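Single-letter residue listing:
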Amino acid sequence: MTSRSGNDNTFAVIGAGMSGVLAGIKLMEAGYPFQIFEKADRVGGTWRENTYPGIACDVPSHIYSYSFELNPDWSEFTSPGSEVQEYFERVSKRYGVDSHIRFNEAVTRCTWMGDRWEIETEKGTVEHFRWVIAATGILHHPKYPNIDGLADFEGPMFHTARWDHDVSIEGKKVGLIGTGSSGVQITAAVAPEVEKLSVFQRTAQWIVPNERVVYTEEEKEAFRTDADLLRTLHTEMSTAFNDGFATSVIDGNSELLDDIQARCLEALETVQDPELKEKLRPTYKAACKRLVVSHNFYDAVQRANVDIVTADIERIERNGVRAGGELHELDILVLATGFHVDAFMRPMNITGRNGIILDEVWKDWPSAYLSIAVPEFPNFFMLNGPNSPVGNFSLIQTAEMQFDYVLKVVDHINQGNLDLAVISQEAYERFDAERYEAAKGTVWATGCNSWYLDNNGVPFAWPFPFSRFRAEMEAPKLEDYEPAKR
Ligand code: NAP
């Protein structure tokens, strides 16, 4: 058996967000040498980049934590983004991952050299690694809207993931394009601060009401002193989530979704002005688009200084946005217009076996066997890659399970059972065909436009139950890998 610690067993991990830090901790634990490449100067990924007012995690904090590093100190049931960022920074330091991270060093090229990967970074360094784990995330390439005149706006204008904190919004006329999770959180947070907020809503959203729960000092102390309490809470929340919501979204006719929709409708009823209420009423099934969770959006939009604009945007002008023939004058324009969710590791140049280029393989839409591996890309794995359960389970739990899968495959190869880890074309196609069929029965395919859909309008997220995901991750089907030739 090859020793795990040998130099020829070195991993390159790309990205130091939630899944990259996780990979670092787990590789260290397993005794594999590794190097993490991070394009920015800090860990945290999406939580580092998204600092907009009101940012919070809409997944309960006690499940949005690593299972091995539960956090008794979460301030709220769904904590602010800055706390999530601090959590990842703290955990990365505590486990000694930071010293393995090459900050400010984006990977520009990965080329398979026959027995290892050659990795080049923006600094021009070229190194070799036996294994690559791409932990590059999904929601990190800002999508700017294709609207006439975007460049003509003369005031400050920025995407939500590039919030400009040097610009004060206080007492200003602010325009906000987009009402996804980001736009909704921003609306609630900035409405009391600004003179006027014009929210440009193209499609009404289902808003699930939640109650703001702030943990008391006594509760946090109980979590600190009673590890079992925290563990039980984590287990109960995960189980409820995976057996409940995660199961309902893959069944477009689920009763639970009807209940969720009824709760959303009840919240919508709190909007007093009938005209505004109708503007905010979605015309598709709840959870078709990603549900937006908020306890204060409907309060915010009922303020006198907030205007929900539903007329089509015609163009952006020097001093505002023209919609429905009317110019909405603005000092600042915020683009809450989402992300390019199909980019993954790109624009990195990734060339696999036989000179095959990933960009070519993914020219229609990215896909991967079990969201982890692509044929012709040996020893290359993804965490939260294409077809991951982005709309179903906790992304952290997903990444932990995916990492365990990767380690099992790598160990299998190190035991001399296979030459390389190359998923077979047959296994990839079989999985993809099954996934594609199953996707059509999910709630995401019930007739709405959303970032869950590929270019053909088919949802790309994991369309099977949690139990299947767990089974696939716990026991890799090693027969799906090629007995590779170098
Ligand atoms: P998003 O859900 O993709 O929403 C983009 C919004 O911009 C939509 O309302 C969309 O309208 C609108 N839009 C896009 N192009 C437009 C155009 N040309 N003209 C007018 N409107 C346009 O993006 P997001 O809000 O940034 O959220 C993305 C994901 O990030 C979320 O679904 C979630 O997974 C994650 N997120 C999570 C949290 C959290 O609390 N955990 C917070 C923020 C974000 P249409 O609906 O008509 O397409």
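Residues numbered from 1 in each chain as written. Predicted model: local features only at pLDDT ≥ 70, side-chain atom pairs only at ≥ 80, totals over all residues. Heavy atoms only, no water.

Q: Before we move on, could you go through the sheet that holds strand S9 (residues 173–177) and cite the residues and values that matter?
A: Ordered in space as S8-S17-S9-S10-S13, the 5 strands form an open sheet in which the pairing is parallel. Each end of this open sheet is capped by a strand with a single partner; those strands are strand S8 (157–159) and strand S13 (306–309). For this sheet, the mean inter-axis angle between neighbouring strands, taken without regard to orientation, is 15°. As defined by bridge partners, S9 adjoins strand S10 (residues 196–200) across 5 bridges and the pair is classed as parallel. (Pairing = 2+ DSSP bridges. Helix = DSSP H or I, 4+ residues; strand = E, 2+ residues; numbered from the N terminus. Axes fitted to C-alpha atoms, helices over the stretch in contact; angles between N-to-C directions.)

Q: Could you give an account of the packing of helix H5 (residues 217–225) against helix H6 (residues 227–243), naming the residues involved and the relevant values?
A: Contact pair H5 / H6: the axes reach a minimum separation of 5 Å and the direction vectors enclose 100°. For the element pair H5 / H6, the angle class is roughly perpendicular. Residues Ala 222, Phe 223 and Thr 225 of H5 touch H6, and the partners they reach there are Ala 227, Leu 229, Leu 230 and Leu 233. (Parallel < 35°, antiparallel > 145°, perpendicular 65-115°, else oblique. Contact = heavy atoms within 4.5 Å.)

Q: A description of helix H12 (residues 395–414) should follow, citing residues and the corresponding values.
A: Helix length check: H12, at 20 residues, gives a terminal C-alpha distance of 28 Å against a target of 28 Å (1.5 Å per residue), a fit within 8%. Among the 20 residues in H12, 16 count as buried, and that is most of the element. Looking at the residues trailing H12, positive phi occurs at Gly 416, about 85°. (Expected span 1.5 Å × (residues − 1). Buried < 20%, exposed > 50% of the residue type's maximum accessible area, 1.4 Å probe, protein only.)

Q: Please provide a residue-by-residue account of the domain arrangement of the protein, values included.
A: On domain assignment, one finds that the protein holds domain 1 (5–43 + 97–140 + 340–480) and domain 2 (150–212 + 235–335). Put simply, the middle of domain 1 and the middle of domain 2, counted by C-alpha atoms, are 32 Å apart. With 23 residues of domain 1 at the interface, the matching set in domain 2 holds 18 residues. Where domain 1 abuts domain 2, roughly 1500 Å² becomes buried across the two surfaces, and 58% of that area is made up of carbon and sulfur atoms. When the buried surface of domain 1 facing domain 2 is broken down by residue, Asn 392, Val 443 and Cys 448 rank first, second and third, together holding 29% of it. For the pair domain 1 and domain 2, the number of links is 0 salt bridges. Where domain 1 touches domain 2, the interface holds 5 residue pairs in polar contact (both at pLDDT 80 or more). (Domains from an automatic or database assignment. Buried area = accessible area lost by both parts, 1.4 Å probe. Salt bridge = Lys/Arg side-chain N within 4 Å of Asp/Glu carboxyl O. Polar contact = N/O pair within 3.5 Å; in protein donor to acceptor, adjacent residues only side chain to side chain.)

Q: Hey, could you go over the pattern of salt bridges for me, with residue numbers and the actual values?
A: Enumeration over the complete set of coordinates arrives at 36 salt bridges. Across the salt bridge formed by Arg 322 and Glu 317, the nearest N and O atoms sit 2.6 Å from each other. The class for Arg 322 is partly exposed, based on a relative accessible area of 24%. Between Asp 432 and Arg 435 there is a salt bridge, with its nearest N and O atoms 2.9 Å apart. A residue pair is termed a helical-turn pair when its members lie 3 or 4 positions apart in one helix, as Asp 432 and Arg 435 do in helix H13 (residues 425–439) at 3 residues. Per residue, the accessibility class of Asp 432 equals that of Arg 435, and both read buried. Here the salt bridges share partners, and the residues they tie into one network are Glu 38, Lys 39, Arg 48, Glu 49 and Arg 162.

Q: Outline the site of the ligand, listing residues and values.
A: Around the ligand lies a shell of 23 residues, among which Ala 56, Ser 182, Thr 203, Lys 289 and Trp 451 are the nearest. Taking Lys 289, its side chain carries an N or O atom lying 2.6 Å from an oxygen atom of the ligand. Across the complex, the protein chains shield 86% of the 900 Å² of accessible surface that the ligand would expose by itself. When residues in the shell around the ligand are grouped by element, the largest group, 3 residues, is from helix H4 (residues 181–190). Residues belonging to the shell around the ligand are distributed by class as follows: 10 nonpolar, 9 polar and 4 charged. (Near = heavy atom within 4 Å. Areas by Shrake-Rupley, 256 points an atom, 1.4 Å probe, with all protein chains shown as cover. Nonpolar A, V, L, I, M, F, W, Y, C, P; charged D, E, K, R; others polar.)

Q: So what about the state of the cysteines? Which residues, and what values?
A: Note: disulfide means a covalent bond formed between the sulfur atoms of two cysteine side chains. Scanning the model with the defined rule gives 1 disulfide in all. Note on Cys 264: no disulfide assigned, nearest cysteine sulfur contributed by Cys 288 at a separation of 13 Å. (Disulfide = S-S within 2.5 Å.)

Q: So what's going on with the side chain of Asn 384? Residues and values would help.
A: Position of Asn 384 relative to the elements: it lies in the loop between strand S19 (380–382) and H12. Relative accessible area serves as the criterion here: at 3%, Asn 384 is assigned to the buried category. Within the structure, Asn 384 has its side chain in polar contact with the backbone oxygen of Leu 395 (distance 3.4 Å). Not counting residues up to four positions away in its chain, the partners in contact with Asn 384 are Met 18, Ser 19, Ile 138, Phe 344, Leu 395, Thr 398, Ala 399 and Gln 402.

Q: Would you mind going over H13 in detail, with residue names and values included?
A: In this model, H13 (15 residues) spans 21 Å end to end at C-alpha, consistent with the 21 Å of a helix rising 1.5 Å per residue. Every buried residue of H13 is listed here: Ala 427, Tyr 428, Phe 431, Asp 432, Arg 435 and Ala 439. Around the axis of H13, the buried residues are gathered within 125° of arc, so they sit on the same side. (Arc of directions from axis to C-beta.)

Q: If you had to explain unusual backbone geometry to someone new, which residues and values would you point to?
A: Residues apart from glycine generally show negative phi values, whereas peptide bonds are mostly found in trans. Between Arg 346 and Pro 347 the backbone carries a cis peptide bond, its omega angle lying at 15°. Locating Pro 347 in the fold gives a position in the loop between strand S17 (332–335) and strand S18 (349–351). The backbone of Asn 354 shows a phi angle near 60°, a positive value even though the residue is not glycine. The backbone of Glu 376 sits at a positive phi, close to 75°, despite the residue not being glycine. Residue placement: Glu 376 occurs in the loop between helix H11 (358–361) and S19.

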